[in-house]
Amino acid sequence: MRWPREEQTVVDPPSATDVDAIIATVPPRRRLALRTLEQTGMRVGEARALEWGDVDEAGSRFRIKQGKTAAARRWVAVPEWLMAETAAACPREDQTPERRVFPSFTPDVAKNAMARACKTAGIAQRHPRDLRHRYASVQIGRGVPVTHVAAQLRHSRKSLTLDTYSHVLMDD
């Protein structure tokens, strides 16, 4: 017996304007973490677990030691401007290897902060995972090969990336 195939919903990532409105409206202590999600495609849990020992400032990248899957353990490229903001967010003497980069940033905190920000900004409700979707859609829209985007997101299968973001390719 076969179960009916689940209909896949089309991913609708937020626009740059919506993301900027969210970032401008969330409490200042949450802005850097949310911008990191949007600029790197990291999951909330990955950002939450990030410690200063996982930050390679010279290489402008973060190491994900714990991931959703074994394949999720990886290095994530970080734009240089974002790495500079991240490094400046905590005094050097406090950047001990086991200290969290985004203290008290949890999935619930991220979800609630975004929900309040969306309501305040008067835009559609968004979830932190939408920032990951935005990252992938923007990268594919820029012509970055799907294989590279899948590697950055650490999707278990390249087909998952293609299936999820094929609408971006079709829009071109």
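Residues numbered from 1 in each chain as written. Predicted model: local features only at pLDDT ≥ 70, side-chain atom pairs only at ≥ 80, totals over all residues. Heavy atoms only, no water.

(A) Examining the packing of helix 1 (residues 16–25) against helix 5 (residues 107–121) more closely. At a minimum axis separation of 8 Å, helix 1 and helix 5 run at an interaxial angle of 110 degrees. Compared by their axis directions, helix 1 and helix 5 come out roughly perpendicular. Every residue of helix 5 that contacts helix 1 at Ala21, Ile22 and Thr25 is listed here: Met114, Ala117, Cys118, Thr120 and Ala121. When the residues that make up the contact of helix 1 with helix 5 are grouped by side-chain class, the tally is six nonpolar, two polar and no charged. (Axes fitted to C-alpha atoms, helices over the stretch in contact; angles between N-to-C directions. Helix = DSSP H or I, 4+ residues; strand = E, 2+ residues; numbered from the N terminus. Parallel < 35°, antiparallel > 145°, perpendicular 65-115°, else oblique. Contact = heavy atoms within 4.5 Å. Nonpolar A, V, L, I, M, F, W, Y, C, P; charged D, E, K, R; others polar.)

(B) Looking closely at helix 2 (residues 28–40). Helix length check: helix 2, at 13 residues, gives a terminal C-alpha distance of 19 Å against a target of 18 Å (1.5 Å per residue), a fit within 8%. For helix 2, every residue scored as buried is listed here: Arg30, Leu32, Ala33, Leu34, Arg35, Thr36, Leu37, Glu38 and Thr40. One or two residues past the end of helix 2 sits Gly41, with phi positive at roughly 80 degrees. (Expected span 1.5 Å × (residues − 1). Buried < 20%, exposed > 50% of the residue type's maximum accessible area, 1.4 Å probe, protein only.)

(C) Region of interest: the packing of aromatic side chains. Evaluation of the coordinates by the stated rule reveals one aromatic pair. It is Arg61 that lies over the ring of Trp75; its NZ or CZ is 3.8 Å from the centre. (Phe/Tyr/Trp six-rings, centres within 6.5 Å; stacked < 30°, edge-to-face > 60°. Lys NZ or Arg CZ within 6 Å of the ring centre and 35° of its normal.)

(D) Examining the layout of surface pockets more closely. Approximately 230 Å³ is the volume found for the second largest pocket. Lining the second largest pocket are 15 residues, and of these Arg29, Ala89, Val101, Phe102 and Pro103 lie nearest its centre. Class assignment for the residues of the lining of the second largest pocket results in 10 nonpolar, one polar and four charged. (1 Å grid on protein atoms, 1.4 Å probe; cavity = no way out; pocket = protein on both sides within 12 Å on 5 of 7 lines; lining within 4 Å. Points joined across faces, edges and corners; volume = space filled by probe spheres on them.)

(E) Expanded view of the sheet that holds strand 3 (residues 74–77). In spatial order, the strands read 1-2-3; together these three strands make up an open sheet with antiparallel pairing. In this open sheet, the two edge strands, each paired with only one partner strand, are strand 1 (55–56) and strand 3. In this sheet, strand 3 lies alongside strand 2 (residues 61–64) in antiparallel orientation, the contact comprising four bridges. By the bridge assignment for strand 3, Arg61 is matched with Ala77. (Pairing = 2+ DSSP bridges.)

(F) Quick look at the pattern of salt bridges. In this structure the tally under the stated criterion is 12 salt bridges. Close ionic contact of Glu38 with Arg134 constitutes a salt bridge, the shortest N to O distance being 3.3 Å. One end of the pair, Glu38, is in helix 2; the other, Arg134, is in helix 6 (residues 128–141), and 96 residues separate them in sequence. For the pair shown, Glu38 and Arg134 are each scored as buried. Asp54 is the partner of Lys65 in a salt bridge, and the nearest nitrogen-oxygen pair spans 3.4 Å. Note that Lys65 is positioned in the loop between strand 2 and strand 3 and Asp54 in the loop between helix 3 (44–49) and strand 1, a separation of 11 residues in sequence. What emerges from the salt-bridge pattern is a single network uniting Asp20, Arg35, Glu38 and Arg134. (Salt bridge = Lys/Arg side-chain N within 4 Å of Asp/Glu carboxyl O.)

Scope: geometric values only; no functional claims are made or implied.
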